[in-house]
Amino acid sequence: MTSEIIYYIIIIFVAGEYAISQWLDYRNRKAASPVLPASLGDLYDSAKYATQQNYFKTKNRFSFYSTTFETAIIILMITEGGFGKLSDACFSLFPNGTIANLVYFAVLFVAYELLTLPFDIYYTFVIEEKFGFNRTTPRTFLFDKLKELLLAFVFGGIILALIIYLYGLLGQNFWWAAFLVITAFSLIMTMFYSNIIVPLFNRQTPLPEGELRDKIEAFSKKINFPLTGIYVIDGSKRTTKANAYFSGLGFKKRIVLYDTLVNEFTGDELLSVLAHEMGHYRKKHTLWGFMLSATVNLLQFYLLSLILGNTQVAVSLGADAPTFALSVIAFGLLFTPVNLLTSYLVNTFSRRNEYQADTFAGENGMGESLIAALKKLSVKSLSNLTPDPIYVKFYYSHPTLLQRIANIRSKK
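In the nomenclature of an unreviewed UniProt entry, the protein chain corresponds to M48 family metallopeptidase from the organism Candidatus Caccoplasma merdipullorum. Annotation of the protein chain in UniProt includes, under Subcellular location (unreviewed entry), the sentence "Endoplasmic reticulum membrane".

Digging into the pattern of salt bridges
Tallied over the full model, the rule gives 14 salt bridges. Here Arg-27 and Asp-388 are joined by a salt bridge, their closest N and O atoms 2.9 Å apart. Here Arg-27 is found in helix H1 (residues 3-31), whereas its partner Asp-388 is found in the loop between helix H14 (367-381) and helix H15 (389-395), with 361 residues between them in sequence. By relative accessible area, Asp-388 is classed as buried at 5%. Residues Lys-380 and Glu-264 are paired through a salt bridge, measuring 2.7 Å at the closest nitrogen-oxygen approach. Taken together, the residues Lys-380 in helix H14 and Glu-264 in helix H8 (residues 259-264) connect sequence positions 116 residues apart. With a relative accessible area of 42%, Glu-264 lands in the partly exposed category.

Brief notes about helix H3 (residues 82-93)
Taking 1.5 Å of rise per residue, 12 residues should cover 16 Å, and H3 covers 16 Å from first to last C-alpha, within 8% of that figure. Along H3, the residues that are buried comprise Gly-82, Phe-83, Gly-84, Leu-86, Ser-87 and Cys-90.

Some words on the layout of surface pockets
Quantified by volume, the second largest pocket comes out at close to 740 Å³. Going through the elements one at a time, strand S3 (244-249), helix H9 (267-282), helix H10 (285-307) and helix H13 (336-363) are the ones with two or more residues in the lining of the second largest pocket. Ranked by residue count, the leading element in the lining of the second largest pocket is H10, at seven residues. Class assignment for the residues of the lining of the second largest pocket results in nine nonpolar, 12 polar and three charged.

The rules behind the values
- Residues numbered from 1 in each chain as written.
- Predicted model: local features only at pLDDT ≥ 70, side-chain atom pairs only at ≥ 80, totals over all residues.
- Heavy atoms only, no water.
- UniProt positions renumbered as here; feature names shortened; annotations may be inferred.
- Salt bridge = Lys/Arg side-chain N within 4 Å of Asp/Glu carboxyl O.
- Helix = DSSP H or I, 4+ residues; strand = E, 2+ residues; numbered from the N terminus.
- Buried < 20%, exposed > 50% of the residue type's maximum accessible area, 1.4 Å probe, protein only.
- Expected span 1.5 Å × (residues − 1).
- 1 Å grid on protein atoms, 1.4 Å probe; cavity = no way out; pocket = protein on both sides within 12 Å on 5 of 7 lines; lining within 4 Å.
- Points joined across faces, edges and corners; volume = space filled by probe spheres on them.
- Nonpolar A, V, L, I, M, F, W, Y, C, P; charged D, E, K, R; others polar.

Spelled out as structure tokens, the structure:
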């Protein structure tokens, strides 16, 4: 296949992905109903629902502008040979191949962060502020960005350097070794994320003794959930939205609750949310999800190995010679159709798991409490209540609120 054909395939894939995403967004806009579904009439009054519709439309417009901007930059980089010229420049300045590849990735990463920074600022301090969600101060925003950059350079640099080394050692057969490195890193992050990463951004304090803690511990013991700690995180320093999650691996599980969740939800509602999360553990969803993610990673590394060192791919992006970093960029652009398919399949798998976790909470007598909690979560985040069904299949990792309520009540 000639470099010219590869060039046009890349352009078609990038433009095609943009067109599909805009078509799905269009469908989602058309599906947004100005009339509140009758079964959710207790959620909003007319003024509040109008605010929800306005929030949805505002975010949708913002997504159009930001996605269009990013796609235009990518196409400009392709048509002007920017990816290839940057690769040639890095390798001419740095004779060491590993350093040159790392510099290439670093330049692209920093450039992307700088170009998209105005969008991040606007979304946080204009959109989220307008609708009462934002509590992030400019100082917190700045330090968050700096910490994220530092973590990306430290962890990303180490992982990339190791993978590049494996490629130099094993050639195109590097894919299985790189897969093992990424899998090991994912496991380590799963085990220590709350202990190492979260404290860099948020303060975690043990949930005080009391009725709520007693209920959580009693339910954990009842279903043999390996609970090792319950913590409250100061999520309210950035947003009014509520959340909760588990971290840890195997027989060490930590519950992390946003302070907004603890302060605004009843004990039964909060316990039902945790019962849902514990349902994922009992149904082994975390294990199966990890295996699915690992399978996708393995497929990606194998397909990447097929184009590494391909001169025609390098020339199609404007370079004089193939490099590891340039091959990764080309692969990311060429992988677009496969990525769309894998996202569809992964989200389908995820939504099935969410139904099962909801059912688990209902089987333990918390169905109505979970419905009440889901409604509160939806109102707090001004979620879209009537998304387009096809849009849901591609982008939603969770079923819609109406679907979840129907599922919980059908299992009684």
